[in-house]
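The chain contents come next:
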Amino acid sequence: MTTTTYEGEQHIIAAAQHILKLLGENKNLTGDFRRALTELDSHLSAMTIINESKRWRFAEVEEQLKCAEREVMRWESNPSLIWDSGPTEASEYIQAVNEIHMVMETLGGLPMNDHGRPKELAFRAQRVQQIAMSRLEEELYHILVQHKQSFEPKNIYFPPSVDFLYDESFVSVEDEIVKDTSERDNNGRESTEYTVDLIDPLVIPDIKSIASVMFVSGYDREFCEAFIGNRKEALDEHLSNLEIQKLSIDDVLKLGWDTLSCEIKKWVRAVKIIIRVSLASEKRFCNQILGDFGSLDSYCFVEISRASVLYLLSFGEAIAMGPYNPEKLFRFLDMYEVLADLHLDMEGLFSEVANSYVKSEFHGLLRRLGESASTTFFKFGNAIALDASIHPFPRGEIHPLTRYVMNYIQTLTAYCDTLNLLLKDQDVDDPNPVLETDNGQDICTSTFSPMGCHLRSFTSTLESNLICKSKLYKDGSLGHIFLMNNIHYMVQKVKGSELRLFFGDEWIRKHTWKFQQHATSYERATWSVVVSLLRDDGRTSLKERCRRFSNAFDDVYKIQTQWRVPDLHLRDDLQISTSQKVIPAYRAFLGMNDKNGSDKYIKYTSDDMEKKLLDLFVGSPSCCTVVLFKQDFLGAVHVQQLLALKQESCQNCTAQDNLLKSSEKVDFSCHPDVRADEAEAYRKSDLSTAHLSFPSSMGGGEGSQTRNLR
């Protein structure tokens, strides 16, 4: 059709005006009719003016679209990126896109028909707009990639906390690694918010200008999709930089304990950095770009962060499933504490009702980790009671169970606030209740805490277990040495650490008295009998008394030089008290029989005997017996030197080789008091399956099925 609507309208108006003119020439018209013709003529003249205006405006719109189209299409054939070409080019392009939008707004106010020119221009403007929007998406993505600002996780500083890894330190001979944990309590919590610039601040106005023009043009969904896609990739990159592997729950459950422990440590740090730094910065960035567009900034932030947050939470869910081995307690507590510490951060990040799902999952994991920690805590107490031995522990030394339990609970003091919270509703039968001081005031609030009650319960269970183990010794004196060593170790651990706050001075006094009583019982059981042989009963000759005493002393010396008191001060005290019991009686015997020719029957002088008493409890200076074992305690594998005597040369001793070659066997070849059949019994019992192996029903970590303590 070549005749436009406008031309048709003009012909009709012209014909109507011609008719009005002819009618007006009739002189017989009434006044009213003539006035009506005049008004109609005025109306037709106004319509002519309006149509002329529309014709001029349409031409202007067409020219406006033509200029904007030229600018948009110019960049379609240009491989360069607009925003890399300078601010002027970017500004001109944004202006062209705005012009297209104005053209479409204007055309929307003009009358349309199926074949009219305005409709044709409207389609043309829409096509150009789509091209421009697609180009703006590309430019947006490029700006976000080109100008992102990465931050190194190692440069993110959080207040230090003592990191406790379940390892051989719990049963080590020297106990060097377990340190004071008070620093962790002081510095383990921090609520400061950290944010960084994820994008160069200089390009934020450019991104906002793209957002504005796309939103005005009705392409808000396309902008958000491009923005969210880029930021999700950036967040995934942050996780990768934090060495977080995306593992399924099944993958996590299959990991060995050493690997899993490392993954948990990385997770604890990553969760704090992702939530406190990455997401806080991401939310600020979303607000900077989209804060002027209603709730879209919140929507985009949730879509950006949801997948990463839910993955981190799913890893925690896999850990919380168990098994509840004691070495996992510290990891459960680490994970629980970091989530509890981030509680307010999560509330701020996902404050809107629409974000309740993420918060619900977060709080659900926090609750389950707390339950897992409590369950593991109580299983540890049960496992202490169930640890059993068939044979006595060699040389009466400090049992590995004692070392493990005391170092374990010492480490727990670093988590006292958290454990008190988790244990507050859990009753415990405290066999060592806290007493009051002489003035009636409480010793310390920590001693009355739930954790204090439970820790005292653990040591009471340990003590009962040690008493059972002491009864395995055929020699009752060695049983007393064993209990003296172990209870003394417990006391020293409590006195020298934060445990003192939870046990109290009354507990220390009571257990100091206990190990002293065992020392006294040892002396009575051993030396009272030996010294009694010196007494003249009127029936035994002097020669026979000297012979019996010397033989008894030699027997005790031969045996008890193999026994060991590891603590030097305790050993000195025991040697001194033994000397005070034996030497005065022996000197008195020598003095009383000096004139009876006793010299020819006396094997040792008092000085000789005093020197020999100093050899007791040092672990046989003539032998370097070493007992090593590979222990699988609660799912963790350790290689420990339990009994290491002086490394002196000995023709019949292979202990040095054993010490250097791992611990696949135990060599008793140079031990004077261990027969071959007894050595074999040790291999098949305590040193194979018994010491510190908890019941298989509790589950275990890597290798827990074998529980091989060879």
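Computed from a predicted model, the values in this text were never measured in an experiment.

### Points about the pattern of salt bridges
Step number 1: Scanning all chains against the criterion turns up 29 salt bridges.
Step number 2: Measuring nitrogen to oxygen at the nearest pair gives 3.0 Å for the salt bridge that ties R135 to E139. Of this pair, R135 and E139 both sit in helix α4 (residues 117-146), 4 residues apart, which is roughly one turn of the helix. Assigned by exposure class, R135 and E139 land together as buried.
Step number 3: The salt bridge partner of K208 is D292, with a shortest N-O separation of 4.0 Å. Separated by 84 residues along the polypeptide, K208 in helix α6 (residues 204-216) and D292 in the loop between α9 (257-290) and α10 (296-320) bring together distant segments of the chain.
Step number 4: Residue K208 is classed as partly exposed on the basis of its relative accessible area of 30%.
Step number 5: According to the relative accessible area criterion, D292 is exposed, its value standing at 63%.

### Some points on empty space enclosed by the protein
Step number 1: Summed over all chains, the structure comprises 5 cavities of 30 Å³ or more.
Step number 2: One number sums up the size of the largest cavity: a volume of about 80 Å³.
Step number 3: Its residues assigned to classes, the lining of the largest cavity shows 2 nonpolar, 4 polar and 3 charged.

### Concerning a nonpolar patch on the surface
Step number 1: A surface patch of nonpolar side chains, about 260 Å² in accessible area, is lined by I249, L253 and M321.
Step number 2: One can find M321 in the loop between α10 and α11 (329-341).
Step number 3: Its relative accessible area of 47% is what places M321 among the partly exposed residues.

### So, the side chain of Q560
Step number 1: Within the element layout of this structure, Q560 appears in helix α19 (residues 542-560).
Step number 2: A residue is classified by how much of its surface remains accessible, and Q560, at 3% relative accessible area, is buried.

### What to know about unusual backbone geometry
Step number 1: One non-glycine residue with positive phi stands out, namely R395, at about 70°.
Step number 2: With respect to the helices and strands, the residue R395 is situated in the loop between α13 (356-386) and α14 (400-412).
Step number 3: Residue F617 is not a glycine yet carries a positive backbone phi of 70°.
Step number 4: Mapping F617 onto the fold places it in the loop between α21 (606-613) and β1 (626-633).

### Comments concerning the nonpolar core
Step number 1: Of all hydrophobic cores here, the largest spans 154 residues; its most connected members are L136, I207, F223, F227, W267, I409 and L412.
Step number 2: Ranked by the residues each element gives to this core, the list is headed by α9, at 16 residues.
Step number 3: L65, V103, L107 and A125 belong to the second largest nonpolar core, which has 6 residues in total.

### A short note on the packing of α11 against α14
Step number 1: Between α11 and α14, the least distance of the axes is 11 Å, while the angle of their chain directions is 5°. Relative to α14, the element α11 lies roughly parallel. For the pair α11 and α14, contact is made by L329, F330 and L333 and by Y408, T411 and L412, respectively.
Step number 2: Along the lines of polarity and charge, the residues of the contact of α11 with α14 split into 5 nonpolar, 1 polar and no charged.

### Quick notes on the confidence of the model for the protein
Step number 1: Summing up the model confidence of the protein, the mean pLDDT is 75 and the portion of residues at 70 or higher is 67%.
Step number 2: No element of the protein has a lower mean pLDDT than strand β2 (residues 636-644), which averages 31, and none a higher one than helix α17 (residues 476-495), which averages 95.
Step number 3: Contacts from residues 160-174, a stretch scored under 50 in pLDDT, to residues over four places away or in other chains number 53 contacts.
Step number 4: With pLDDT under 50 throughout, residues 176-191 is counted as low confidence; its partners more than four residues away or in other chains account for 38 contacts.

### Some words on the environment of A270
Step number 1: Within the secondary structure layout, A270 lies in helix α9.
Step number 2: Distance in space between the C-alpha atoms of A270 and H238 is 9.0 Å, their sequence separation being 32 residues.
Step number 3: Setting aside residues up to four positions removed in sequence, A270 forms contacts with L242 and I244.

### Considering α21
Step number 1: Where α21 is concerned, the buried positions are S606, M609 and L613. Down the axis of α21, the smallest arc covering the buried residues is 60°, so these residues share one side.
Step number 2: Packing partners of the buried residues in α21 comprise α18 (499-532), α19 and α20 (568-592).

### Some thoughts on the packing of aromatic side chains
Step number 1: Counted according to the given criterion, the structure contains 24 aromatic pairs.
Step number 2: With 6.5 Å between their ring centres and 65° between their planes, Y522 and W563 make a pair best called edge-to-face. Taken as a pair, Y522 in helix α18 and W563 in the loop between α19 and α20 lie far apart in primary sequence, 41 residues in all.
Step number 3: By relative accessible area, Y522 is classed as buried at 0%.
Step number 4: Accessibility expressed as a relative area gives 5% for W563, which makes it buried.
Step number 5: Ring plane angle 45° and centroid distance 5.8 Å describe the contact between W527 and F553, whose orientation is recorded as tilted. Remark: F553 occurs in helix α19 and W527 occurs in helix α18; sequence separation between them is 26 residues.

Each value, and the rule that gives it
Residues numbered from 1 in each chain as written. Predicted model: local features only at pLDDT ≥ 70, side-chain atom pairs only at ≥ 80, totals over all residues. Heavy atoms only, no water. Salt bridge = Lys/Arg side-chain N within 4 Å of Asp/Glu carboxyl O. Helix = DSSP H or I, 4+ residues; strand = E, 2+ residues; numbered from the N terminus. Buried < 20%, exposed > 50% of the residue type's maximum accessible area, 1.4 Å probe, protein only. 1 Å grid on protein atoms, 1.4 Å probe; cavity = no way out; pocket = protein on both sides within 12 Å on 5 of 7 lines; lining within 4 Å. Points joined across faces, edges and corners; volume = space filled by probe spheres on them. Nonpolar A, V, L, I, M, F, W, Y, C, P; charged D, E, K, R; others polar. Patch = residues over 30% accessible without salt bridge, like charges linked within 9 Å, V, L, I, M, F, W, Y side chains within 5 Å. Areas by Shrake-Rupley, 256 points an atom, 1.4 Å probe, with all protein chains shown as cover. Core = buried A, V, L, I, M, F, W, Y, C linked by side-chain atoms within 4.5 Å. Axes fitted to C-alpha atoms, helices over the stretch in contact; angles between N-to-C directions. Parallel < 35°, antiparallel > 145°, perpendicular 65-115°, else oblique. Contact = heavy atoms within 4.5 Å. pLDDT = per-residue confidence, 0-100. Arc of directions from axis to C-beta. Phe/Tyr/Trp six-rings, centres within 6.5 Å; stacked < 30°, edge-to-face > 60°.

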